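# Survey of secondary and tertiary structure
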Amino acid sequence: MGTPGLVDIRNGLIKLAADIGWVDVPFRELVEQSLGLDTYIANRSKVGALAEFWHGTSKGVKDLIYVSIGTGVAAGIIHQGRLFIGANSSAGELGHLTIVPDGPLCPCGNRGCLQQLVSEQAIANLARQRLRRNPGSLLRGSTGNHPELISARDVFIAADQGDAVALETLDEIASYLGIALAGLINLFNPEVIFLGGPVGEASAVLAEKIKRNVQERAMSYPMSAVQIQRSSLGTDAGAIGASVLVLQRANELFFQKR
């Protein structure tokens, strides 16, 4: 299963999923007790990376990064054909990279974390702020003159139609993501970065703006080796990648003693 939050893969614990108020939840044990089936869990961005590696458009690629952007932001990293999980399986917490030192407070206690700047809620909030200075925007009409109802999806649709407020909002979002992804490229030298999740895969306009920002910030040599593209698997990425967790443990499942 692919889940939100910081996941201790080895022990099957969700250490922290702030969005849903979970701390040290023995998720694997709970599911196994309920279903009577062996269960494997990992963060949903990690299983998204496995999905792209095994079943996506990246045939022959050994180094890729899947970045999930939605209510939060996280990265799944495939290095030399293997999922990189780190010392305690918390590698890839891109959403808690500090982008603006004195930025908005994050539930983690830090300020200016990436996910506070580019999440679905952050996109909607930023559009509302800009709408005050540009009441003629398509966004006002699309929500029946109720700015509080604006969603990230509304912003993407308006941007496709050339709306100035929506495009300016995505410019700012892309600048923050450009900083973060350029850092990933310089650190890990991947062949492909996949943009996934409700924000990452939803907007071609945003994806192009992100590419331009990354090109301005990443070192030219590692940048020359990478492609940045939207995920080809959509909302199925988590389920497909979670199935890979089972396939990778086929031997122990087949031959373990009962």
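Within each chain, residue numbers correspond to sequence positions counted from 1 in written order. Thresholds applied to this predicted model are a pLDDT of at least 70 for local features of residues and 80 or more for the giving and counting of side-chain atom pairs; totals over whole chains, interfaces and linings are not thresholded and use all residues. With hydrogens and water stripped out, all remaining heavy atoms of the structure feed into the side-chain values.

## Quick word on helix α7 (residues 164-188)
What counts, and what does not: Numbered from the N terminus, helices here are DSSP runs of H or I no shorter than four residues, and strands are runs of E no shorter than two. How far a helix is expected to stretch is found by multiplying one less than its residue total by 1.5 Å. Pairing of N or O atoms within 3.5 Å defines a polar contact, subject to two protein rules: one partner must be a possible hydrogen donor and the other a possible acceptor, and residues neighboring in sequence count only if both atoms are side-chain atoms.
A rise of 1.5 Å per residue sets the reference length of α7, with its 25 residues, at 36 Å; its end C-alpha atoms lie 35 Å apart and thus fit the reference within 8%. Residue Asp163 occupies the N-cap position of α7, its side-chain oxygen lying 3.2 Å from the main-chain nitrogen of Val165. Remark: Asn189 follows α7 within two positions and exhibits a positive phi of approximately 50 degrees.

## Things to note about unusual backbone geometry
At Asp24, a residue that is not glycine, the phi angle is positive and equals roughly 50 degrees. Mapping Asp24 onto the fold places it in strand β4 (residues 22-25). Despite not being glycine, Ser89 shows a phi value in the positive range, around 60 degrees. The topology assignment puts Ser89 in the loop between β8 (82-84) and α3 (114-118).

## Comments concerning the sheet that holds β4
Definition in use: Note: two strands are recorded as paired if DSSP finds a minimum of 2 bridges between them. Helix axes are fitted to C-alpha atoms over the stretch in contact, other axes to C-alpha atoms as well, and angles between N-to-C directions run from 0 to 180 degrees.
In spatial order, the strands read β2-β3-β4; together these three strands make up an open sheet with antiparallel pairing. Only two strands of the sheet have a single partner each, and these edge strands are β2 (6-8) and β4. Recorded for the sheet is a direction-independent mean angle of 15 degrees between the axes of neighbouring strands. Inspection of the sheet shows β2 paired to strand β3 (residues 13-17) by three bridges, in the antiparallel sense. Bridging from a neighbouring strand, Val7 pairs with Ile14 of β3.

## Comments concerning the sheet that holds strand β10 (residues 227-230)
Rules: Here a residue-residue contact requires only that any non-hydrogen atoms of the pair lie within 4.5 Å.
Strands sit in the order β8-β7-β6-β9-β10 across an open sheet of five strands; the sheet is mixed. Of all strands in the sheet, those with a lone pairing partner are β8 and β10, marking the two edges. On average, each strand axis in the sheet is inclined to that of its neighbour by 25 degrees, with strand direction left out of account. Lying over the sheet, α7 contacts β6 (64-69), β7 (73-79), β9 (192-196) and β10, oriented at roughly 160 degrees with respect to β6.

## Topic: the environment of Arg140
In plain terms, the rule: Residue burial is assigned from relative accessible area. The probe radius is 1.4 Å, only protein chains are included, and a residue is buried under 20% of its type maximum, exposed over 50%, and partly exposed in between.
Inspection of the secondary structure assignment puts Arg140 in helix α5 (residues 138-142). When its relative accessible area of 22% is taken as the criterion, Arg140 is described as partly exposed. Remark: the alpha-carbon pair of Arg140 and Arg128, spanning 12 residues in sequence, is separated by 9.1 Å. Among residues more than four places away in sequence, those in contact with Arg140 are Leu131, Pro135, Asn145, His146 and Pro147. A distance of 3.4 Å separates a polar atom in the side chain of Arg140 from the backbone oxygen of Pro135.

## Some words on the pattern of salt bridges
Threshold: In what follows, salt bridge is the name for a side-chain nitrogen of Lys or Arg lying within 4 Å of a carboxyl oxygen of Asp or Glu.
Taken as a whole and judged by the stated rule, the model has five salt bridges. The residue Arg130 makes a salt bridge to Glu168 at a minimum N-O spacing of 3.4 Å. In this pair, Arg130 is assigned in helix α4 (residues 120-133) and Glu168 in helix α7, connecting sequence segments 38 residues apart. Accessibility expressed as a relative area gives 38% for Glu168, which makes it partly exposed. Salt-bridge contacts for Glu172 lead to Arg130; the nearest nitrogen and oxygen are separated by 2.7 Å. On the criterion of sequence distance, the pair formed by Glu172 in helix α7 and Arg130 in helix α4 is long-range, its members being 42 residues apart. Owing to a relative accessible area of 22%, Glu172 belongs among the partly exposed residues under this scheme. One salt-bridge network, in which partners are shared between bridges, spans Arg130, Glu168 and Glu172.

## Looking at the confidence of the model for the protein chain
Note the threshold: Think of pLDDT as the predictor's per-residue confidence, scored from 0 to 100.
When pLDDT is averaged along the protein chain, the result is 92; 97% of the residues meet or exceed 70. The least confident element of the protein chain, judged by mean pLDDT, is helix α12 (residues 250-255) at 70; the most confident is helix α10 (residues 220-223) at 98.

## Quick word on the environment of Met219
Checked against the element boundaries, Met219 lands in the loop between α9 (204-217) and α10. As for Met219 and Ala127, which are separated by 92 residues in sequence, their C-alpha atoms are 31 Å apart.

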